[in-house]
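An overview of the molecular structure
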Amino acid sequence: MTELAERLTALDARIADAARAVGRDPGELTRIVVTKFHPAALVAELDLLGVRDVGESRQQELSAKRAELAETPLGGVRWHFIGQLQTKKARAVRAASDCVHSVDRDRIADALHAAAPDGDPLDVFLQVNLTDDPGRGGVAPDDVEVLAAHTAARCPSLRVRGVMAVAPLAEAPASAFERLASAAAAVRRVVPDATWISAGMSGDFTEAIAAGATHLRIGTAITGPRPDRG
Ligand SMILES: *Cc1c(COP(=O)(O)O)cnc(C)c1O
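Let me sum up the structure you'll find in this document. Numbering of residues starts from 1 in every chain and runs along the sequence as written. Since the coordinates come from a predicted model, pLDDT governs what is reported: local features require at least 70, and pairs of side-chain atoms require 80 or more to be given and counted, while whole-chain, interface and lining totals use all residues. Water and hydrogen atoms were dropped before computing side-chain values, which therefore reflect all heavy atoms in the structure.

Turning to the overall build of the chain, a few remarks are in order. Helix and strand definitions here come from DSSP, where helices need a minimum of 4 consecutive H or I residues and strands a minimum of 2 consecutive E residues; each element is numbered from the N-terminal end. Per the secondary structure count, the chain includes nine helices and eight strands. Both definitions apply: the radius of gyration is a C-alpha atom measure, and the globule rule equals 2.2 Å times residues to the power 0.38. For a compact globule of 230 residues, the expected C-alpha radius of gyration is about 17 Å, and the chain comes in at 17 Å, within 12% of that figure. Expressed as lengths along the three principal axes of its C-alpha atoms, the size of the chain is roughly 50 × 40 × 30 Å. A fraction of 61% describes how many contacts in the chain between residues 6 or more apart in sequence connect residues 24 or more apart. Shrake-Rupley sampling with a 1.4 Å probe provides the accessible areas, and residues are treated as covered by the protein chains on show and by no other component. Carbon and sulfur atoms make up 50% of the accessible area of the chain, which amounts to about 10700 Å² in all. Think of it this way: Lys and Arg go in the positive column, Asp and Glu in the negative one, and His and the chain ends go nowhere. Think of each charge as sitting on NZ of Lys, CZ of Arg, CG of Asp or CD of Glu. Averaging the locations of the 27 positively and 31 negatively charged side chains of the chain gives two centres separated by 3 Å. Whether two residues touch is decided by their heavy atoms; if any such pair falls within 4.5 Å, the residues are in contact.

This is the structure:
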């Protein structure tokens, strides 16, 4: 077994243990392998190991990898965009993604919708900012319900699936993820079937699973350290 395969297997076992420890079925969790800053070849390698969900955080890198792998038959990888999103990049992100985790304002939702109003529906998460720093990505928890209502009403080519967040550095992840669960409930008041919660990274997926996460975004614990951004 390669080192990558070993880390993947070990991580999946830890995820399954964490789920069972809180009475959840590991089968209801989607594990996304975050491949940012790694070469496109890593995605092909993960595909051969059966990975079906990968995450990228920069539009140019995502588009370049998809172009590079255009001739490589992948077994059905879903590409998740997890990075901060600018309106001017929305068209390229929509073209290259199966799912976008970082819709955090009306204008981003509008731009993603306008990029392909009659296209295949795009699954989106509404990103919630769990810090006090408005410069971090995400809508304030108090405003997520209004963003959900806007997206559901005005952007019919987007499917609001749930909420996403990154735990703040300066707080225990468990309490932060509790606020995310409240934000998720607020979104479900508007879109009752928006049951997904994207939370949990290499260092905090156990807490995220305990707080109800359905989609885990795991990078270094599977891929090893990231190469420099360059
Ligand atoms: C990089 C990144 C991850 C993965 O982080 P690791 O600590 O490497 O698991 C998850 N979510 C987002 C939004 C990221 O940018």
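Quick look at the environment of Pro 141 now. With respect to the helices and strands, Pro 141 occurs in the loop between strand 5 (122-127) and helix 6 (144-154). The spatial distance from the C-alpha of Pro 141 to the C-alpha of His 215 is 19 Å, given a sequence separation of 74 residues. For Pro 141, the contacting residues outside a window of four places in its chain are Val 128 and Asn 129.

One heavy atom suffices: a residue is near a molecule or strand as soon as one of its heavy atoms comes within 4 Å of it. The local shell around the ligand consists of Val 34, Lys 36, Ile 82, Met 164, Val 166, Met 201, Ser 202, Arg 217, Ile 218, Gly 219, Thr 220 and Arg 226. Between the ligand and the protein, one listed contact pairs a nitrogen atom with a side-chain N or O atom of Arg 217 at 2.9 Å. Here an oxygen atom of the ligand and a backbone polar atom of Gly 219 are 2.8 Å apart. If the ligand stood free it would expose 390 Å²; the protein chains cover 86% of that surface. Counted by class, the shell around the ligand contains six nonpolar, three polar and three charged residues. Think of a polar contact as two N or O atoms within 3.5 Å of one another; within protein, one of them needs to be a possible hydrogen donor and the other a possible acceptor, and neighboring residues in sequence only count if both atoms come from side chains. Each residue is assigned to one class: nonpolar for Ala, Val, Leu, Ile, Met, Phe, Trp, Tyr, Cys and Pro, charged for Asp, Glu, Lys and Arg, and polar for all the others, Gly among them.

The subject of this paragraph is the packing of aromatic side chains. For Phe, Tyr and Trp, where Trp contributes only its six-membered ring, two rings pair if their centres lie within 6.5 Å, and the inter-plane angle classes them as stacked under 30 degrees, edge-to-face over 60, or tilted in between. The final tally for this structure, using the stated rule, is one aromatic pair. Ring geometry for Phe 125 and Trp 196: centres 5.7 Å apart, planes at 40°, overall tilted. Here Trp 196 lies in strand 7 (residues 196-198) and Phe 125 lies in strand 5, a separation of 71 residues in the sequence. With respect to burial, Phe 125 and Trp 196 carry one shared label: buried. Buried means the residue's accessible area, taken with a 1.4 Å probe over protein chains only, is under 20% of the maximum for its type, while exposed means over 50%, and partly exposed covers the values in between.

The next point concerns the pattern of salt bridges. If the charged atoms of two oppositely charged side chains come close together, the side chains can form a pair. Each reported salt bridge corresponds to a side-chain nitrogen of Lys or Arg within 4 Å of a carboxyl oxygen of Asp or Glu. Summed over all chains, the structure comprises 15 salt bridges. One salt bridge in this structure joins Arg 189 and Glu 145, with 3.1 Å as the shortest N-O distance. Residue Arg 189 is found in helix 7 (residues 173-190), and its partner Glu 145 is found in helix 6; the two are separated by 44 residues along the sequence. A relative accessible area of 59% places Arg 189 in the exposed class. Its relative accessible area of 29% is what places Glu 145 among the partly exposed residues. The residue Glu 171 makes a salt bridge to Arg 179 at a minimum N-O spacing of 2.7 Å. Exposure remark for Glu 171: the relative accessible area of 24% places this residue in the partly exposed category. Look at Arg 179 and you get partly exposed, because its relative accessible area is 33%.

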